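What follows is the residue order along each chain.
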Amino acid sequence: MSSVLKQLVEELKAGRLKVVDLTQPLHPGTPVIHLPAQFEASPGFTLRTICRYDQAGPAWYWNAVAMGEHTGTHFDAPVHWITGKDRPDNTCATIPARRFIGPACVIDLVDEVAADPDFLLKPAHIERWEADHGVIASGSWVLLWTGWSKRQDPKAFLNEAEDGPHSPGLAPEAVSMLAHERDVLGVGVETIGTDAGQAAGFDPPFPCHHIMHGAGKLGLASLCHLDQLPPAGAIVIAAPLKIVDGSGSPVRVLAIVPTEAH
Ligand code: MN
């Protein structure tokens with residue numbers, strides 16, 4: 001047996017490593033993104049009980065579920081965006097499984113976002129993180145710890161106004177830097193989508209989708225419990241359902257985290 005895997009099992013058993021669940025509960029109240037009226041809406045989560053130890057099935061319980069692919073804590077595949085439509089291995093079923101696991105760089109933006117819900121990550125914030133923790137390694141997940149998941153009321157979570165939603169995200173220059181200069185695996189956020197609420201008006205519009213997916217990168221949205229991750233040193237596992245031709249999928253996102261410095 002690989003000594004590393006043996007050690008992983010031992011460290012988990014001894015509690016020196018813990019598993020942190022970065023996933024929001026999925027239920028009919030899970031908020032979904034609201035698009036302008038001219039576009040088709042994505043349905044939220046529904047659950048229909050087939051039977052529950054009753055006449056329809058006396059000894060068993062199961063449900064039928066339905067939802068848009070991009071509901072709750074979910075995964076964005078490159079094919080989700082028009083810029084990524086011709087990338088190789090760009091769907092949920094064809095992305096190599098190796099890419100469902102990677103080290104996590106967690107950027108603390110809690111104070112900035114508390115002061116400004118439209119806060120945007122810029123290259124200077126990435127460089128600030130790198131000054132403390134080293135240059136972001138290729139194949140890393142970059143996770144924006146904004147505290148946004150604390151907004152459990154869907155109204156506060158979506159934070160919509162007459163001029164559209166107000167939620168944090170990434171400036172186009174920061175997306176470009178992460179995709180092209182750092183070659184990250186993808187970006188993960190606590191908000192409903194990887195782009196900022198006002199990103200329809202950016203250049204390019206929705207840069208985290210446009211640039212990231214155009215470069216074959218991945219996305220994670222509606223994460224939580226990022227406060228339990230160290231800035232560096234955790235590993236994130238995020239594997240979408242193997243939906244053939246899928247553009248995304250609800251996902252259970254797990255982090256393996258040291259409980260203290262070892
Ligand atoms: Mn999505």
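Here, the structure is the one placed above.
A brief report on the enclosed structure follows.

What counts and what doesn't
Residues numbered from 1 in each chain as written. Predicted model: local features only at pLDDT ≥ 70, side-chain atom pairs only at ≥ 80, totals over all residues. Heavy atoms only, no water. Donors = N, O, S within 2.8 Å, 3.2 Å for Na, K, Ca; no water. Buried < 20%, exposed > 50% of the residue type's maximum accessible area, 1.4 Å probe, protein only. Phe/Tyr/Trp six-rings, centres within 6.5 Å; stacked < 30°, edge-to-face > 60°. Helix = DSSP H or I, 4+ residues; strand = E, 2+ residues; numbered from the N terminus. Contact = heavy atoms within 4.5 Å. Salt bridge = Lys/Arg side-chain N within 4 Å of Asp/Glu carboxyl O.

**Some points on the coordination of the manganese ion**
Then, in step 1: At the metal site, the manganese ion is ligated by H70 (ND1), H74 (NE2) and D76 (OD), and these contacts range over 2.1 to 2.3 Å.
Then, in step 2: Counting the intervening residues between successive donors of the manganese ion yields the motif H-x3-H-x1-D. H74 shares its class with H70; the two are buried.

**Some details on the packing of aromatic side chains**
Then, in step 1: Under the counting rule described, the total for this entry stands at three aromatic pairs.
Then, in step 2: Ring plane angle 55 degrees and centroid distance 6.0 Å describe the contact between Y53 and Y61, whose orientation is recorded as tilted.
Then, in step 3: Residue Y53 is classed as exposed on the basis of its relative accessible area, which comes to 53%.
Then, in step 4: Residue classification places Y61 among the partly exposed positions, given a relative accessible area of 32%.
Then, in step 5: Centroid distance F75 to F100: 5.8 Å. Interplanar angle 85 degrees. Geometry classified as edge-to-face. Taken as a pair, F75 in strand β4 (residues 74-76) and F100 in the loop between β4 and β5 (101-108) lie far apart in primary sequence, 25 residues in all.

**What about the side chain of S249?**
Then, in step 1: In this structure, S249 sits in strand β14 (residues 248-250).
Then, in step 2: When its relative accessible area of 0% is taken as the criterion, S249 is described as buried.
Then, in step 3: Excluding residues that lie within four positions of it along the chain, S249 makes contacts with E69, T73, H74, F75, C92, P240, L241 and I243.

**What to know about the pattern of salt bridges**
Then, in step 1: For the structure on display, the rule yields seven salt bridges.
Then, in step 2: For the salt bridge of E11 with R16, the shortest nitrogen-to-oxygen distance reads 2.9 Å.
Then, in step 3: E11 gets classed as buried once you look at its relative accessible area, which sits at 15%.
Then, in step 4: Residue classification places R16 among the partly exposed residues on the basis of a relative accessible area of 33%.

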